[in-house]
Every structure is written in C-alpha cells, then in structure tokens.
Amino acid sequence: MHKLWASTYKEFLLVTRDLGGLAVLFLMPLLLVIVITTIQDNSFKSIKETKLPILLVDMDKGKVSEDILKSLADSKLFQVDMAASDEEAKQQVLKGDYQLAIVIPENLSSDLQIKINENVDGILSKFSDNEESIPEVKSKMMPKEVKLYFDPATQQSFKSSVRNNIDKMISKIETETIYTAFQEQLTDDPSEDIFETEKFITFTEIVPSKYKEALIPNSTQHNIPAWTLFAIFFIILPLAINMVKEKNRYFCALKNKSCLIRYSSWWKDYCIPSGFFSAIRTYVSGWNFSLSTNWFT
Amino acid sequence: MIQINELSKKYKGADDFSVRDLNLTIENGEIFGLLGPNGAGKTTLISMLSSLLKPTSGHFTIDGLNYKDNKNQLKQLIGIVPQEYALYPSLTAYENLMYFGSMYGLKGQSLKDDVNTHLEAMGLAKFAHKKIDAFSGGMKRRINLISSILHNPKVLFLDEPTVGVDVQSKNVIMAHLKELNIAGTTIIYTSHHLNEAEKFCTRVGIIDHGTLICLGKPQELIAQEENAENLEGVFLAKTGKALRDHA
C-alpha cells in the first residue's frame, strides 16, 4: 500500500508539473468530443428537427396519390417536393439531393377503383338470385407498381420503415375504396353510414419521463460509448508512451527485474497509478465538457 | 562472495557469444574493476549478475544464493547504478530519492533521514528541493548513485559511474563509494577510466570478446607486464591497439 501510494504521489507530481502534456491531454478529449458529437449531431438534427426532403412523382393525379401526399404531409417527417418524371426523380436521388423518391404510376386511382368495383360486384352478385346481374367480363389489368428510389447510403431500417408506411397508406386507401364501393352498391343515400371506417385499434406512443417533456439525450450524451472507447485509447496512449520512456531510461529493466521487484510489482505500482491518472485526466475533461455545457441542445 | 561458473550469454540473432564460459570469484568487501574495450561483454556480465539478463548457460551465486532458486532474495542484496540517469527530471532530488526509497520498501522518518544523510554526504543537501532537470551531469550522477544505495545493498554494481562528470564530482563519488566499501559493501565496477580503476580497485579483471583474459591486483598486473607502467599499459598489451568500433 505504501509503495502504491508512493507511486501515485509520484505520478501526481509528474502530471501536475507537465503543464504542456496536461494541456494536450485535456484538449485532445475535448477535441474528440467536439468532432464526434458534431458529426453525430447532424444525423440527430435530421431525425429530430429537420424534415427529410423527399420527391414525389405523381403520374396518377387521382385520389390515391392525393391521399399519399396528404399522409406524407401530415406525418411532419417529410418535406415533399414534386418531380415531373420517373427519370428526373431517379437522377435527383442518385445525385444525393433526396434520400427518397416515390413514383406513383399512371391511372392507379382509376384502375384501383375499377378493380374494387368489379370485386364488389362479383361478391354482391353471389348473394343475388338474378343471374343477369352477374358481370360476365372482367377487365384484365396489370398489377400496379409504386416505385421507391432510395439513396444508396440510406439505412436499411429507414428503407423498411418507409416501405411499410407506404404499404400501410395504400392498404388504407384500398380498404376505404372497398367500403365506398359497397356503400354505393347497398344504398342510394351517400350520407347513410353503413360501415364504421374509423380505426378500431390505434397506437399511442408514450416516452416515460419524470418531467412534463420527454428527455431526449443530446448527441454528446448519446456518444458517451463512442468517446469512452476513445478515452480508453487516451489512457493506453500515455501509458504506452510512459512505458517506452521508462524503458529507454533503464527504468523498466530496473523495476521489472532488479532488486525493486521484491517490494514492488511493476504493474501494480507503476502501471496502475499511471493508468489511473491518465484515466482521471481523460474522464474529467470529457465529462466536464459533456455535462456542464449544452452545446448541442 | 560472488561465485561465477562457466557463465555464458549469447543474444538472439548474434553470431558470437557476448560472454563465454566465464569463471570468476569475487570476495566480500572487494572493489572489483571489470575492465575491457567497448563490446567486450562488461555490461552483459553485470546485467546477468544483477538479474537483468538471463544467462544462456552456466550459473553464479551471490552470498550462496542462486539466481534460479533465490532470485528475489538475491535481488535484495544488490544495488545497480546504471550508466544512464534513472531519474525523473521534473521531480526534485528529494522527491526522486523518497520515491526510490519507497520502492525499496523503506518508509517513514528513517527513509527521510537516510535521504538527508546521503544528500549531505554527496554535497547536495542545499539542492535537495531543486528539480533534477536543473542539475549538472555530476549532480545527476550523484543522485543516480544515492537512489541505488538507499537500501544498503551488500553488493553494488556500478556501470561507468563517473562518465561525463567533473573532477570534483568524481572525487565525491569515489570517496562515497570507498566509505560504502569500508562499511562492508562489495563493489563491482566497470569503467574506461583506467587510472581511476588503478587507484580505486582492489582487484581488476580485463575482459575481451566475452572472455576473462587477465585477473589480479592492479599493481601485480603492472609488474607482470613488460613495458607497462600503469594499468592502461597492461590493458593495451592485453587487448591490442586496434579500434573496437562496431554498430
């Protein structure tokens, strides 16, 4: 214990007298935190504060595209810009101007309506005794394809999320169209509510918080694992430098193999105090920066 | 007593042995000078005896303690004064010595007293609280020596302890070493200062190409060698005048 204390005290003296080194050791973690959090802050802002710009190519000009546009606008996550053609949208995404482009095909609304009407007519005719009411010819329509162009750098999770949301929007529109088709077939009064079209199951997102507003960690706080790794690097670096220095000065050999070893374990009495002080230097500077300032909030 | 039997050392990748089948006995209380040209194997031999290097073959004992079986006990007995300054430049002389004393297991008032006594004896008391950085070569050498003798070793290895120091510092160092020897410390000393070795050592051994080529009291060796007026003459006669440059 006495030797550990002596080594620690010696390390303390060395650290406090090496003002240049001390300054570098404090500044480097600060620089690290600034760089990492600045990088991370951009993606944070893109998620939290800014709307993601997306392109929409509306070749349908119908109810479906209108509903998709409205849903996208209502989500408050996207800033929707319009493009004239499929090719233009593709080029804009390739250039990196937009992360996503949605191309709604021609006649999607009208073809969907025709398809649903035919299905509804077919279903209702099964319930009817009148054989004349059974439609004899069904229109032959190719399945419609909504194209999604993604920036190659877009994360897979984001792609999946967008795909699911578009799919959900179209399903909703399809369902509503089916209800409407049935309504038209079953009653002449459009104001009469036969079907309840409101969602029966809804989701409410609740972020647990002690305060009125949800506490969302800023990018500095979010990056604690990242700069902790770097902090370890900053612990190892001075330690390694010290070891090399000591070795060059004959110390390593002396401490490791000479008479000192009986009383002193080199690892315990030298490395631990050195590492301990390096760790303190790194963590103090990092935490001070992270917690006492709110640069990015 | 230091008993060395057939001790050899060959470094990895080296073509030849640095120390080859060396046999030597050093009695307690001796001041033994280990002399030789550059690359002769002096530092290798001292490094093996002070347990810094593992011998390739052979063995040695210090006070009957074997390197293999009593490594830790053996290390208590010895002190090493390396050629390089093994000091922390940003610490004061006192702080350096207190730290090294603590590493030897010394503590409390007795450590402080020992440090102050040695500083006084080496004429460094008034510089005790000055940083090593500001010290001259001679002052650093003296602190380097004190840091290795704080635990009163029975055997002290000195690797060129007076290199690069002024005459005054050298006199103080040699006087202090004499005092230690009188108090019972066996000293094994390497140096290129042959005049110093001639006066200081009770016995010298000249080593070349890893082999002990000459052993005896300085005056006896001088008397035995024809045309040799001093130890330097003996040295040149035994090792030749060819340069020993190697890289």
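Residues numbered from 1 in each chain as written. Chains lettered and ligands numbered in written order. Predicted model: local features only at pLDDT ≥ 70, side-chain atom pairs only at ≥ 80, totals over all residues.

Observations regarding the overall build of chain B
Alright, step 1. Looking only at helices and strands, one finds nine helices and 10 strands in chain B.
Alright, step 2. Looking at chain B as a whole, 45% of its 247 residues qualify as buried.
Alright, step 3. In chain B, once contacts between residues fewer than 6 apart in sequence are set aside, the share between residues at least 24 apart is 69%. (Helix = DSSP H or I, 4+ residues; strand = E, 2+ residues; numbered from the N terminus. Buried ≥ 20, exposed ≤ 12 C-beta atoms within 10 Å, placed from the backbone. Contact = placed C-beta atoms within 7 Å.)

Quick word on the overall build of chain A
Alright, step 1. When helices and strands are counted, chain A shows 11 helices and four strands.
Alright, step 2. Within chain A, the fraction of its 297 residues that count as buried is 22%.
Alright, step 3. Across chain A, contacts joining residues at least 24 apart in sequence account for 78% of those joining residues at least 6 apart.

Concerning the sheet that holds strand 1 (residues 52-58) of chain A
Residues and elements named next belong to chain A.
Alright, step 1. Taken in spatial order, the four strands line up as 2-1-3-4 in an open sheet, and their pairing is mixed. The outermost strands of the open sheet, each flanked by one partner alone, are strand 2 (78-83) and strand 4 (147-150). Neighbour-to-neighbour, the strand axes of the sheet open up by a mean angle of 25 degrees, direction not taken into account.
Alright, step 2. Across five bridges, strand 1 lies against strand 3 (residues 100-104) in parallel orientation. Looking at the pairing, valine 57 lines up with valine 103 of strand 3.
Alright, step 3. Relative to strand 4, helix 6 (residues 156-186) is tilted by about 160 degrees, and along the sheet it contacts strand 3 and strand 4. (Pairing = 2+ DSSP bridges. Axes fitted to C-alpha atoms, helices over the stretch in contact; angles between N-to-C directions.)

Overview of the packing of helix 3 (residues 93-103) of chain B against helix 4 (residues 108-121) of chain B
Residues and elements named next belong to chain B.
Alright, step 1. Across the interface, helix 3 lies against helix 4 with an axial gap of 10 Å and an inter-helix angle of 130 degrees. The pairing of helix 3 with helix 4 is recorded here as oblique in orientation. Crossing of helix 3 against helix 4: the hand is right-handed. On the side of helix 3, the interface is formed by Ala93, Tyr94, Leu97, Met98 and Gly101, while helix 4 contributes Leu111, Asp114, Val115 and Leu119. (Parallel < 35°, antiparallel > 145°, perpendicular 65-115°, else oblique. Left-handed = near helix turned anticlockwise from the far one by under 90°.)

Quick look at the sheet that holds strand 8 (residues 186-190) of chain B
Residues and elements named next belong to chain B.
Alright, step 1. Taken in spatial order, the six strands make up an open sheet running 6-7-8-3-9-10, and their pairing is mixed. In this open sheet, the two edge strands, each paired with only one partner strand, are strand 6 (78-81) and strand 10 (211-216). Each neighbouring strand pair of the sheet contributes to a mean axis angle of 15 degrees, computed without reference to strand direction.
Alright, step 2. Sheet topology note: the strand 6/strand 7 (residues 155-159) ladder contains four bridges and is parallel. Of the residues in strand 7, the one forming a bridge with valine 81 is leucine 158.

Let's talk about the environment of Phe235(B)
Residues and elements named next belong to chain B.
Alright, step 1. Within the secondary structure layout, phenylalanine 235 lies in helix 9 (residues 231-239).
Alright, step 2. What makes phenylalanine 235 buried here is the crowd of 24 C-beta atoms within 10 Å.
Alright, step 3. Through-space distance from the C-alpha of phenylalanine 235 to that of cysteine 214 is 9.0 Å; in sequence the pair is 21 residues apart.
Alright, step 4. In contact with phenylalanine 235, not counting residues within four places along its chain, are Leu35, Leu194 and Ile206.

Concerning helix 4 of chain B
All names here are of chain B.
Alright, step 1. Between its first and last C-alpha, helix 4 extends 20 Å over 14 residues, near the 20 Å set by a 1.5 Å rise per residue.
Alright, step 2. Within helix 4 the residues assigned to the buried category are Leu111, Asp114, Val115, His118 and Leu119. The buried residues of helix 4 occupy an angular sector of 130 degrees when the element is viewed end-on, so they sit on one face. Exposed side chains of helix 4 directed beyond 90 degrees from the buried face belong to Gln109, Ser110, Asp113 and Glu120.
Alright, step 3. Among the structural elements, helix 3 and helix 5 (137-149) are those in contact with the buried residues of helix 4. (Expected span 1.5 Å × (residues − 1). Arc of directions from axis to C-beta.)

A word on the environment of Glu145(A)
Residue and element names in this part refer to chain A.
Alright, step 1. In this fold, glutamate 145 is placed in the loop between helix 5 (108-127) and strand 4.
Alright, step 2. Glutamate 145 gets classed as exposed once you count the C-beta atoms within 10 Å, which come to 10.
Alright, step 3. Each C-alpha atom, one on glutamate 145 and one on isoleucine 104, is 7.6 Å from the other, the two residues being 41 residues apart in sequence.

Some points on the nonpolar core
Among soluble globular proteins, nonpolar side chains are generally buried collectively.
Alright, step 1. Judged by nonpolar contacts, the single largest core of 69 residues is most densely connected at Phe157(B) and Ile188(B).
Alright, step 2. It is helix 3 of chain B that provides the largest number of residues to this core, a total of six residues.
Alright, step 3. Beyond its immediate stretch of four places on either side in the chain, Ile188(B) contacts Ile26(B), Phe32(B), Leu34(B), Ile46(B), Val155(B) and Phe157(B).
Alright, step 4. Counting residues in each nonpolar core, the second largest holds 20 residues, with Ile68(A), Ala83(A), Ala101(A) and Val103(A) among its members. (Core = buried A, V, L, I, M, F, W, Y, C linked by C-beta atoms within 7 Å.)

Here's the deal with the environment of Leu212(B)
All names here are of chain B.
Alright, step 1. Position of leucine 212 relative to the elements: it lies in strand 10.
Alright, step 2. Spatially, the C-alpha atom of leucine 212 lies 8.9 Å from that of valine 19, the residues being 193 residues apart in sequence.
Alright, step 3. Each residue touching leucine 212, except ones within four places of it in the same chain, is listed here: Leu22, Leu24, Gly205 and Ile207.

A word on the packing of helix 5 of chain A against helix 6 of chain A
All names here are of chain A.
Alright, step 1. Contact geometry of helix 5 with helix 6 gives a least axis separation of 9 Å together with a crossing angle of 50 degrees. In terms of axis orientation, helix 5 runs oblique to helix 6. As for how helix 5 packs across helix 6, the hand of that crossing is right-handed. Packed against helix 5, whose contacting residues are Leu112, Gln113, Ile116, Asn117, Val120 and Leu124, the element helix 6 presents Glu174, Thr177, Ile178, Ala181, Phe182 and Gln185 at the interface.
Alright, step 2. Taken together, the residues of the contact of helix 5 with helix 6 sort by class into seven nonpolar, four polar and one charged. (Nonpolar A, V, L, I, M, F, W, Y, C, P; charged D, E, K, R; others polar.)

Remarks on the confidence of the model for chain A
Residues and elements named next belong to chain A.
Alright, step 1. Of the residues in chain A, 68% have a pLDDT of 70 or more, and the chain-wide mean is 73.
Alright, step 2. Counted against residues more than four places away or in other chains, residues 250-268, with its pLDDT under 50, gives 44 contacts.
Alright, step 3. With pLDDT under 50 throughout, residues 285-297 is counted as low confidence; its partners more than four residues away or in other chains account for 20 contacts. (pLDDT = per-residue confidence, 0-100.)

Observations concerning the pairing of strand 8 of chain B
All names here are of chain B.
Alright, step 1. Counting buried positions over the five residues of strand 8 gives five, a clear majority of the element.
Alright, step 2. The alternating pattern of strand 8 places Thr186, Ile188 and Thr190 on one face and Ile187 and Tyr189 on the opposite face, and all of these are buried.
Alright, step 3. Crossover handedness for the path strand 7 to helix 6 (residues 167-182) to strand 8: right-handed. (Right-handed = clockwise from strand over helix to strand, strands pointing away.)

Brief notes about the confidence of the model for chain B
Alright, step 1. Across chain B, the average pLDDT comes to 89, with 99% of residues at or above 70.
Alright, step 2. Listed scores for the predicted complex are pTM 0.60 and ipTM 0.80.

Comments concerning unusual backbone geometry
All names here are of chain B.
Alright, step 1. For aspartate 21, which is not glycine, the phi torsion reads 45 degrees and is therefore positive.
Alright, step 2. Tracing the backbone through its elements, the reader meets aspartate 21 in strand 2 (residues 19-26).
Alright, step 3. Backbone geometry places histidine 209, a non-glycine residue, at a positive phi of 50 degrees.
Alright, step 4. Mapped onto the elements, histidine 209 comes out in the loop between strand 9 (203-208) and strand 10.

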